[in-house]
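Coordinate inspection notes
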Amino acid sequence: MSLAIDFCGIRFPDPFTLAASPATGTGEMVERAFDQGWTSAVLKTAAVEREDVKLVYPMIAGLDHEDKRLFGMENIDLISDRKLKDWETDIARLRKRHPGCIVISSMMASSKEDWQEAARRLEGAGAHLIECSFSCPHGMPERGMGAAIGQDPDLTERTATWVREAVKIPVVIKLTPNVTDIVLIARAVKRAGCAGVCAINTVKGLIGVDVETLRPIPSVAGYSTYGGYSGAAVKPVALKCVAEIAKGVETEISGVGGVYTWRDAVEFLAVGARNVQLCTAVMMWGYRIIEDLKEGLEFYIEGKGFASPADIVGRALPYITTHESLSRDHKPVAEIDPSKCLKDDLCHIACRDGGHQAIEVGEDRVPRVDAEKCVGCGLCTCVCPVKGCIALKERK
Ligand SMILES: Cc1cc2nc3c(=O)[nH]c(=O)nc-3n(C[C@H](O)[C@H](O)[C@H](O)COP(=O)(O)O)c2cc1C
């Protein structure tokens, strides 16, 4: 079956795209990714030669959670320090050697002339689509770049218009989640006449402090700065942004943030994305994950009786509503399957100290739910290590 889906007027062979990142840092890397099954990539953000980009090292730090390493990642990377002319050469080569693949150029600039020059040159080199980063949380605000644009609807509309006017290929604007209302920014992109948006870039954060030295990390000669947080931890933020844009603006959306598996991708499609990008998962597990992504999505689509990924797009949206319109008559109750219970007391402890004291443990250590006290909050279903052992059921 085909996983092809249209995004911004271009037929993508499948919805998975490598996001602008170190994983797309050179044409040679993207060629390797294409050889391993990726069919589209956003090249690392580039700028005209006038922008002198000086990177800092280390630029990456990870957030571990209990025994899970790299639950989240923070970077203080900037855009590519390669020359635009080198990217032009790479794009031309990618187009020639991988004619079936989609090459998206990401760019950033600090003046109208530079935005337009870069866009024209990238189009001239053969890019199928241009993605403009209005969204790096730490990258060069002193030059009016990055999130400095994407946090302001007027600057967004003005800058997006410059780029859209300069080229014939579709233009997508990559948005920052670090705003009060992302829909206002997406509307500005729409007013500028761009083909779509990409949501989200990284979430601005401070990933940690080394408790031995009491210095923030990543430590660049003893100092650090706020950076861009990505990976599994940001998926809920990204899904929310995509859903809000899909419900609030008629535009095409590429969803990105915390996608690791085909299941994550299905969620992004279900909240309105037509394309799904991956960065941190690839930096962690390598290009090879594309095999599982494509196979898993194919299997899912067939199993559900859908014809293509487009059938999933927006399916969850009608069910996202306001808090006030949620039913107050729905009163579920927790039910424990004793045959699956590990007798580890976790549900009892959580319910006792974080819930409604509705789970008691008897001498046999099997937890029992007091339906009178249980409000069906759902906490026990989340803390139980055995999936499916505790479920919320309709009250009899
Ligand atoms: C080290 C690193 C470098 C990145 N560089 C860029 C970049 O040059 N341009 C850009 O638009 N986004 C950049 N991003 C953001 C990613 O493309 C992506 O939007 C973000 O990491 C969220 O997706 P993820 O959770 O799959 O990583 C970078 C992310 C990381 C981790």
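See the structure shown above.
Here the structure is a predicted model, which is why all the values come from computation and not from measurement.

1. Details of the overall build of the chain
Along the backbone of the chain there are 12 helices and 20 strands. For 396 residues, the compact-globule formula gives about 21 Å, and the C-alpha radius of gyration of the chain, at 23 Å, lands near that figure. Expressed along its principal axes, the backbone C-alpha trace of the chain runs to roughly 75 × 55 × 40 Å. Buried residues in the chain amount to 51% of all 396 residues. Summed over all atoms, the accessible surface of the chain reaches about 18,800 Å², with 53% contributed by carbon and sulfur. Of the charged side chains in the chain, 48 are positive and 54 negative; the average position of the first set lies 2 Å away from that of the second.

2. Here we look at the pairing of strand 5 (residues 60–65)
Here strand 5 runs beside strand 6 (residues 68–75); their pairing, made up of 5 bridges, is antiparallel. Looking at strand 6, one finds that Leu63 is bridged to Gly72. In this structure, the hairpin formed by strand 5 and strand 6 is closed by a connection of 2 residues, where Glu66 is found at a positive phi of approximately 50°.

3. Description of helix 1 (residues 27–35)
Along helix 1, the positions that sit buried rather than exposed are Gly27, Val30, Glu31, Ala33 and Phe34. What you see down the axis of helix 1 is that its buried residues fit within an arc of 160°, all on one side. Of the surrounding secondary structure, the elements contacted by the buried residues of helix 1 are strand 3 (16–18), strand 4 (40–42), helix 2 (84–97) and strand 7 (102–107). With its phi angle positive at about 120°, Gly37 sits one or two positions after the end of helix 1.

4. Details of empty space enclosed by the protein
Within the structure shown, the criterion is met by 4 cavities of 30 Å³ or more. Quantified by volume, the largest cavity comes out at close to 490 Å³. Lining the largest cavity we find 38 residues, and of these Ala20, Lys174, Asn201, Thr202 and Cys279 sit closest to its centre. At 3 residues, helix 9 (residues 280–285) tops the list of elements feeding residues into the lining of the largest cavity. In terms of residue class, the lining of the largest cavity is made up of 20 nonpolar, 14 polar and 4 charged.

5. Details of a nonpolar patch on the surface
Taken together, the side chains of Leu206, Val209, Val211, Leu214 and Tyr226 make up a nonpolar region of the molecular surface, amounting to roughly 550 Å² of accessible area. Topologically, Val209 is positioned in strand 12 (residues 208–210).

6. What to know about the side chain of Asp14
Locating Asp14 in the fold gives a position in the loop between strand 2 (10–12) and strand 3. Judged by its relative accessible area of 2%, Asp14 is buried. Apart from the residues within four sequence positions on either side, Asp14 is in contact with Leu3, Ala4, Ile5, Thr39 and Lys294.

7. Focus: the layout of surface pockets
Each pocket or cavity is described by its volume, and for the largest pocket that value is around 180 Å³. Looking at the largest pocket, it is lined by 14 residues, and the ones nearest its centre are Pro22, Gly25, Lys44, Leu55 and Asp81. Of the residues that constitute the lining of the largest pocket, the class distribution is 7 nonpolar, 3 polar and 4 charged.

8. Here's the deal with helix 2
With 14 residues, helix 2 ought to run about 20 Å at 1.5 Å a step, and its terminal C-alpha atoms sit 20 Å apart, in line with that. Those residues of helix 2 lying buried are Leu84, Trp87, Asp90, Ile91 and Leu94. Projected down its long axis, helix 2 carries its buried residues within an arc of 110°, all on one side. In helix 2, those exposed residues whose orientation departs by more than 90 degrees from the buried face are Lys96 and Arg97. Considering only its buried residues, helix 2 is in contact with helix 1, strand 7 and helix 3 (112–125).

9. Some remarks on the packing of aromatic side chains
All told, the structure shown has 4 aromatic pairs when counted by the stated rule. Ring geometry for Trp115 versus Phe134: centroids 5.5 Å apart, planes at 70°, classification edge-to-face. Of the two residues, Trp115 sits in helix 3 while Phe134 sits in the loop between strand 8 (129–133) and helix 4 (147–150), which places them 19 residues apart along the sequence. According to the relative accessible area criterion, Trp115 is buried, its value standing at 1%. The class for Phe134 is buried, based on a relative accessible area of 0%. Ring centres of Trp262 and Tyr300 lie 5.4 Å apart, and the angle between their planes is 40°; this geometry places the pair in the tilted category. With a gap of 38 residues between them, Trp262 in helix 8 (residues 262–270) and Tyr300 in helix 10 (residues 289–304) connect regions that are remote in the sequence. Residue Tyr300 is classed as partly exposed on the basis of its relative accessible area, which comes to 21%. The ring of Trp87 is capped by Arg82, whose NZ or CZ atom sits 4.5 Å from the centre of that ring.

10. Thoughts on the site of the ligand
Residues in contact with the ligand amount to 23 residues; listed here are only the nearest, Ala20, Thr45, Lys174, Gly258 and Thr280. A distance of 2.7 Å is found between an oxygen atom of the ligand and a backbone nitrogen or oxygen belonging to Ala20. Here an oxygen atom of the ligand sits 2.8 Å away from a polar atom, N or O, in the main chain of Gly231. If the ligand stood free it would expose 600 Å²; the protein chains cover 97% of that surface. Spatially, the ligand is embedded in the largest cavity. When residues of the shell around the ligand are traced back to their parent elements, those giving at least two are strand 6 and helix 9. Its residues assigned to classes, the shell around the ligand shows 9 nonpolar, 11 polar and 3 charged.

Reading the values: the criteria
Residues numbered from 1 in each chain as written. Predicted model: local features only at pLDDT ≥ 70, side-chain atom pairs only at ≥ 80, totals over all residues. Heavy atoms only, no water. Helix = DSSP H or I, 4+ residues; strand = E, 2+ residues; numbered from the N terminus. Rg over C-alpha atoms; globule rule 2.2 N^0.38 Å. Buried < 20%, exposed > 50% of the residue type's maximum accessible area, 1.4 Å probe, protein only. Areas by Shrake-Rupley, 256 points an atom, 1.4 Å probe, with all protein chains shown as cover. Lys, Arg positive; Asp, Glu negative; His and termini not counted. Charge placed at Lys NZ, Arg CZ, Asp CG, Glu CD. Pairing = 2+ DSSP bridges. Arc of directions from axis to C-beta. Contact = heavy atoms within 4.5 Å. 1 Å grid on protein atoms, 1.4 Å probe; cavity = no way out; pocket = protein on both sides within 12 Å on 5 of 7 lines; lining within 4 Å. Points joined across faces, edges and corners; volume = space filled by probe spheres on them. Nonpolar A, V, L, I, M, F, W, Y, C, P; charged D, E, K, R; others polar. Patch = residues over 30% accessible without salt bridge, like charges linked within 9 Å, V, L, I, M, F, W, Y side chains within 5 Å. Salt bridge = Lys/Arg side-chain N within 4 Å of Asp/Glu carboxyl O. Expected span 1.5 Å × (residues − 1). Phe/Tyr/Trp six-rings, centres within 6.5 Å; stacked < 30°, edge-to-face > 60°. Lys NZ or Arg CZ within 6 Å of the ring centre and 35° of its normal. Near = heavy atom within 4 Å. Polar contact = N/O pair within 3.5 Å; in protein donor to acceptor, adjacent residues only side chain to side chain. Sits in = over half its atoms within 2 Å of the grid points.

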